[in-house]
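# Report on the structure
The lines below spell out each chain.
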Amino acid sequence: GYAKNSVAALRCAQEAGFWGSEFDVNMTSDGVLIVYHDSSIDGKKIEKYPYSEFKDIKIKNGETIPTIDQYMEQAKKGPKTMLVYELKPHSCAEVEDRFVELAIENLKKHGLLKPNRVMFISFSYHMCQVIAEKLPKFTVQYLGGKKSPADVNADKINGIDYHQGVFGKSPGWVKDAHDLGMSVNVWTVDKEATM
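Please read these numbers as outputs of a predicted model, since none were measured by experiment.

Rules of the game
Residues numbered from 1 in each chain as written. Predicted model: local features only at pLDDT ≥ 70, side-chain atom pairs only at ≥ 80, totals over all residues. Heavy atoms only, no water. Phe/Tyr/Trp six-rings, centres within 6.5 Å; stacked < 30°, edge-to-face > 60°. Helix = DSSP H or I, 4+ residues; strand = E, 2+ residues; numbered from the N terminus. Buried < 20%, exposed > 50% of the residue type's maximum accessible area, 1.4 Å probe, protein only. Lys NZ or Arg CZ within 6 Å of the ring centre and 35° of its normal. Salt bridge = Lys/Arg side-chain N within 4 Å of Asp/Glu carboxyl O. Pairing = 2+ DSSP bridges. Right-handed = clockwise from strand over helix to strand, strands pointing away.

## A short note on the packing of aromatic side chains
- This model, assessed by the stated rule, comprises 10 aromatic pairs.
- With a centroid separation of 6.0 Å and an interplanar angle of 50°, the aromatic rings of Phe120 and Phe138 are classed as tilted. With Phe120 in strand β6 (residues 118–122) and Phe138 in the loop between α4 (125–134) and β7 (140–142), this pair connects stretches of sequence that are 18 residues apart. For the residue pair Phe120 and Phe138, the accessibility class agrees, reading buried in each case.
- Ring geometry for Phe123 against Trp187: centres 5.7 Å apart, planes inclined by 80°, an arrangement best described as edge-to-face. With a gap of 64 residues between them, Phe123 in the loop between β6 and α4 and Trp187 in strand β9 (residues 183–187) connect regions that are remote in the sequence.
- Overall, the relative accessible area of 36% leaves Phe123 in the partly exposed class.
- Joined through ring pairs, the aromatic side chains of Phe23, Tyr71, Tyr85, Phe120 and Phe138 make up one cluster.
- Lying over the aromatic face of Tyr49, Lys44 brings its terminal NZ or CZ to 5.6 Å of the ring centre.
- Across the ring face of Tyr125, the terminal group of Lys147 is positioned such that the distance to the ring centre comes to 4.4 Å.

What follows is the structure, given as structure tokens:
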């Protein structure tokens, strides 16, 4: 019953004592943040439709798609589990700016806007820059893999989270990032040989 991005999956990570749990967030046209991996649901682009279009849709384990509030209520119950907050790219900078604003407001409201409770990741370089500027004490990792650690660091983004294939092609990048004091993460590592 632990479908990805479900409240149950977060609870499971907390109960298992995992270091952190990653989740994906999208914003509806009326500014509701929902925890869902893809940018579309049943062919409807999330950012172009109001929340009412999605509120009754069930995910694999039978839960409805969680709102960020439902997700954060569970997050509060596991103070040791780092929230790895992925902001999904949206259509333009203005929409992304609003998204960042709402995400930060929501974390404040739930008392979770603390560097030891939440870190941010995104494929949107713009959002990484905005968050890094607004929240300099927090870990922010760029997911895109197209920029060297030095370039990312020059833009005051303090982390990279790249696909394992990127580090395969640029093996020096992990050391480069560490030498710059950056945090490093890697995805998706699900085979022993890759580990």
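## Describing the pattern of salt bridges
- In this structure the tally under the stated criterion is 9 salt bridges.
- Between Asp69 and Lys109 there is a salt bridge, with the nearest N and O atoms lying 3.0 Å from each other. Of the two residues, Asp69 sits in helix α2 (residues 68–75) while Lys109 sits in helix α3 (residues 93–109), which places them 40 residues apart along the sequence.
- Of the residues examined, Lys109 reaches a relative accessible area of 54% and is grouped as exposed.
- If you follow the salt bridges from partner to partner, you end up with Asp24, Glu86 and Lys88 in one network.

## What about the pairing of strand β8 (residues 159–163)?
- Across the 5 residues of β8, 4 count as buried, placing the element largely inside the fold.
- In the sheet, β7 pairs with β8 via 2 bridges, with the strands oriented parallel. For Tyr142, the partnering residue across the bridge sits in β8 and is Ile160.
- Taken together, β7, helix α5 (residues 149–154) and β8 constitute a β-α-β crossover, and its handedness is right-handed.
- With 5 bridges joining them, β8 and β9 adopt parallel strand pairing.

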